[in-house]
Amino acid sequence: MSLLEKALESGKFGVTAEMAPPKGYDFTEQLESAKLLNGKVHGINVTDMQSASLKASSLGLCIKLKEAGCEPIIQMTGRDRNRMAIMSDIFSAAAFGIDTMLALTGDHPVVGDCPQSKPVYDLDSVGILNMLSTMEATGKDCGGNDIAGETPKFYKGAAVTPVYEPQILQINKLRQKVEAGAKYIQTQGIFDLDSFKRFLEAADKAGIKAHIMAGIIPLKAAGMAKYMNENVPGIAVPQDMIDKLAAAAAEGKEKGVKGLPMRLGIEMAAELIAKIKDEHLCDGVHIMAIGAERNVPVILEKAGIKIG
Amino acid sequence: MIITQKKPIEEVMALLRGFDKIAIMGCGSCATACGTGGEKEVAEMKEYLEAHGKTVVATNMSDYCCMNLTVKGKVKPFIAAGADAVVCMSCGDGVQVVASNVPVPVFPTNNTMFLGESVRLGLFQEACHLCGNCVLGTTGGICPISRCAKSLINGPCGGQKNGKCEVNPENDCAWIMIYKRLEATHQLAKLAQTREDKGYKDVTYPRTINTRGK
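Okay, so let's go over this structure. Because the structure is predicted, anything quoted here is derived from the model rather than measured. (Residues numbered from 1 in each chain as written. Chains lettered and ligands numbered in written order. Predicted model: local features only at pLDDT ≥ 70, side-chain atom pairs only at ≥ 80, totals over all residues. Heavy atoms only, no water.)

So, the pattern of salt bridges
Note the following rule: We define a salt bridge as a contact between a side-chain nitrogen of Lys or Arg and a carboxyl oxygen of Asp or Glu at a distance within 4 Å. Any residue under 20% of the maximum accessible area for its type is buried, any over 50% is exposed, and the rest in between are partly exposed; the area is computed with a 1.4 Å probe on protein chains only.
Summed over the entire model, instances satisfying the criterion amount to 23 salt bridges over all chains. Note that A:Asp89 and A:Arg81 form a salt bridge whose closest N and O atoms lie 3.1 Å from each other. Assessed through its relative accessible area of 15%, A:Arg81 is described here as buried. In this structure, the salt-bridge partner of A:Asp146 is A:Lys140, at a minimum N-O distance of 2.5 Å. For A:Asp146, a relative accessible area of 60% gives the class exposed. Salt bridges sharing common partners tie together B:Lys6, B:Lys40, B:Glu41 and B:Glu44.

So, the packing of helix α4 (residues 83-95) of chain A against helix α5 (residues 125-138) of chain A
Residues and elements named next belong to chain A. Heads up, the condition is: A fitted line through C-alpha atoms serves as each axis, taken over the contacting stretch for helices, and the angle formed by two N-to-C directions is quoted from 0 to 180°. A run of H or I in DSSP becomes a helix once it reaches four residues, and a run of E becomes a strand once it reaches two; helices and strands are each numbered from the N terminus. In this scheme, roughly parallel covers angles under 35 degrees and roughly antiparallel covers those over 145, while 65 to 115 is roughly perpendicular and the rest are oblique. In this scheme the crossing of two helices becomes right-handed for a clockwise turn of the near helix relative to the far one and left-handed for an anticlockwise turn of less than a right angle. Every residue pair with non-hydrogen atoms within 4.5 Å of one another is taken to be in contact.
It is the contact of α4 with α5, at a shortest axis distance of 11 Å, that shows an interaxial angle of 55 degrees. Classified by the angle between their axes, α4 and α5 sit oblique to one another. Between α4 and α5 lies a crossing of right-handed hand. Contacts between α4 and α5 involve Arg83, Ile86, Met87, Ile90 and Phe91 on the former and, on the latter, Ile128, Met131, Leu132 and Met135.

Structural notes on empty space enclosed by the protein
The condition that has to hold: Only protein atoms enter the 1 Å grid used here, on which a cavity is any set of points holding a 1.4 Å probe that cannot leave and a pocket is any open set flanked by protein within 12 Å on both sides along at least five of seven lines; residues with an atom within 4 Å of a point are listed as lining. Grid points are joined across faces, edges and corners, and a volume is the space filled by probe spheres set on the points. Amino acids are sorted into nonpolar (Ala, Val, Leu, Ile, Met, Phe, Trp, Tyr, Cys and Pro), charged (Asp, Glu, Lys and Arg) and polar (every other residue, Gly among them).
Counted by the stated rule, this structure contains 2 cavities of 30 Å³ or more. Counted as a void, the largest cavity has a volume near 130 Å³. Lining the largest cavity are 15 residues, and of these B:Cys148, B:Ala149, B:Cys157, B:Cys165 and B:Cys173 lie nearest its centre. When its residues are assigned to classes, the lining of the largest cavity shows 9 nonpolar, 2 polar and 4 charged. Volume-wise, the second largest cavity comes out at about 60 Å³. Around the second largest cavity, the lining residues are A:Ile190, A:Phe191, A:Ile216, A:Ile217, A:Pro218, A:Leu219, A:Met241, A:Gly265, A:Met268, A:Ala269 and A:Leu272.

Here's the deal with the side chain of A:Ser53
All names here are of chain A. Along the chain, serine 53 turns up in the loop between β2 (43-46) and α3 (58-67). Since its relative accessible area comes to 15%, serine 53 is described here as buried. Those residues within four positions of serine 53 in sequence are excluded, and the remaining contacts are Lys23 and Asp113.

Comments concerning the sheet that holds strand β5 (residues 155-160) of chain A
All names here are of chain A. As a reminder, the rule being used: Any two strands between which DSSP finds at least two bridges are classified as paired.
Taken together, the 8 strands give a closed barrel; going around it, the order is β1-β2-β3-β4-β5-β6-β7-β8, and neighbouring strands pair in parallel fashion. The mean inter-strand angle of the sheet, taken between neighbouring strand axes irrespective of direction, is 30 degrees. Both strand β1 (residues 14-19) and β2 contribute to a ladder of 4 bridges, which runs parallel. Bridge assignment links alanine 17 to a residue of β2, and that residue is isoleucine 44. On the sheet, α5 packs against β3 (72-77), β4 (100-104) and β5 and is oriented at approximately 140 degrees with respect to β4. Sheet strands in contact with helix α10 (residues 260-278) are β7 (211-216) and β8 (284-287), and its direction is about 160 degrees off that of β7.

Description of the interface of chain B and chain A
Many analyses report the size of an interface as the accessible area lost when the parts associate. This is how the line gets drawn: When two components associate, each loses some accessible surface as probed by a 1.4 Å sphere; the sum of these losses over both components is called the buried area. Whenever a nitrogen or oxygen atom comes within 3.5 Å of another N or O atom, the pair is scored as a polar contact, on the condition that within protein one atom can donate a hydrogen and the other can accept it, and that pairs from neighbouring residues in sequence are kept only if both atoms are in side chains.
Taken residue by residue, the interface counts 24 residues in chain B and 31 residues in chain A. Of all residues in chain B, B:Lys150, B:Asn154 and B:Lys161 bury the most surface against chain A, accounting for 26% of the area lost on that side. At the boundary of chain B and chain A, one finds 1 salt bridge. We note a salt bridge from A:Arg83 to B:Asp197, for which the minimum N-O separation is 2.7 Å. Our count for the chain B to chain A interface comes out at 12 residue pairs in polar contact (both at pLDDT 80 or more). Looking at the side of chain B that touches chain A, the elements that each hand over two or more residues are β8 (160-161) and α8 (174-184) of chain B. The leading source of residues in the side of chain B that touches chain A is α8(B), at 3 residues. When its residues are assigned to classes, the side of chain B that touches chain A shows 13 nonpolar, 7 polar and 4 charged.

Considering the packing of aromatic side chains
All names here are of chain A. The condition is simple: The criterion for an aromatic pair is that two Phe, Tyr or Trp rings (for Trp, the six-membered ring) have centres within 6.5 Å, with stacked assigned to planes under 30 degrees apart, edge-to-face to planes over 60 apart and tilted to the rest. Each ring is checked for a lysine NZ or an arginine CZ that lies within 6 Å of its centre and within 35 degrees of its normal; such an atom marks a charge sitting over the ring.
Scanning all chains against the criterion turns up 3 aromatic pairs over all chains. On the numbers, 5.5 Å between centres and 20 degrees between planes, the contact of tyrosine 155 with tyrosine 184 is stacked. Of this pair, tyrosine 155 sits in strand β5 while tyrosine 184 sits in strand β6 (residues 184-189), and the two are 29 residues apart along the sequence. Relative accessible area serves as the criterion here: at 4%, tyrosine 155 is assigned to the buried category. Where phenylalanine 196 meets phenylalanine 199, the ring centres are 6.2 Å apart and the plane angle is 20 degrees; that geometry is what we call stacked. Here phenylalanine 196 pairs with phenylalanine 199, and both are found in helix α7 (residues 193-205), just 3 residues apart, close to one helical turn. The exposure class of phenylalanine 196 is buried, given its relative accessible area of 1%. Taking NZ or CZ as reference, lysine 277 lies 5.9 Å from the ring centre of phenylalanine 13, over its face.

Structure (structure tokens):
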């Protein structure tokens, strides 16, 4: 049983951090960041070519993390692999002791950096979860054939975009993901607790029973926030946050101090996490530091979060 | 209908290199509606080929280039006229049917784009992927297989922005359209239905349907 499963299923506040493999095979930086995260998070969630940008596989970095004594969570999208390939990778992951996964449909190759690539989408997020749940329940593969030896069992999760109009569509799909076996739900990055609360109420009203982990994206600069607002679906950074980051940049320039917006971003993320935990809004947080994973322990310390 | 688009004429001329006596076949159905293979386009092709040193020995129109028995009769004059190549101005299926009925090479003048509709004159939209397992009855008559860039059957991904698709912001999110249509036609309960995954075993190409009972 993974640390994340233990934490969430025993009612503890779950904490995970996202990490992307490199575009290449030198994992040094990722492994160094992972060491800093050890003991601070319940799992390191390794992306499967996020934004359809070509990277080493999630499975590859997950294996390296496992070997380094960390707790990896493998992401599986339906974009590049058909059901056979997904199940095959799940077997391999299990062989390395990986037992927690996140099912995603995956960004379309056209929005990524190898747009000639053929989109697969044999299964979407719901389909992947259904396939794995059926496998666990029956001991059979996706073709209905017996699996040799023990059937791998995974603690399964899915994602949701809380800021979405019409919300009923996301809630409906979330319900399907949970019915298909998702036990924990990572949200897209949230910045405004009021809209997040509206989502939580809607999920609750729909009778959705899963552990919801609020997505936290530490902002690095006003430009990053503006870019995400314009380009990343489901992201809505409030204007006052953008203004504060811009003011921090101006202050830094005046005083000749570098990194003030990044420091403010850390403070804002920590504040958000502390509020979520103190107000018992949801069951945990998932921190997407987008390359700045080294900051995650600092954010958690400032938020007063200790696992274990 | 089958939506076609004209190939660049240079590409057609390159295909015809080495051939002199050309016959042209037009199509009276989809390609006529698309303005890619009707009587007008056949006449234009004849004029172009003749202006570029080819001899057009015959032209003909088939009401449907995709119907073998119709095409069989329509290509007879081509052979009688001594054509050493045929250009076919239909969809890719018509080209193959014509080719199976003449002993000389047949070349396409069009690219076959998709199955869809003429929204208005000159504007065509894809609307069906011929998946062989129609879900329109539960999706408000809007096809998620062809109208969603990821062919999602269980609802939208998170990738829409203001109702537009992340893959092509000119396209509306199919699932938002489906939602609105289901709501407007009092069928919202269908949104909650889980659609069974049928897999792809039954869509192994090429597919044949035989209703002849033999």
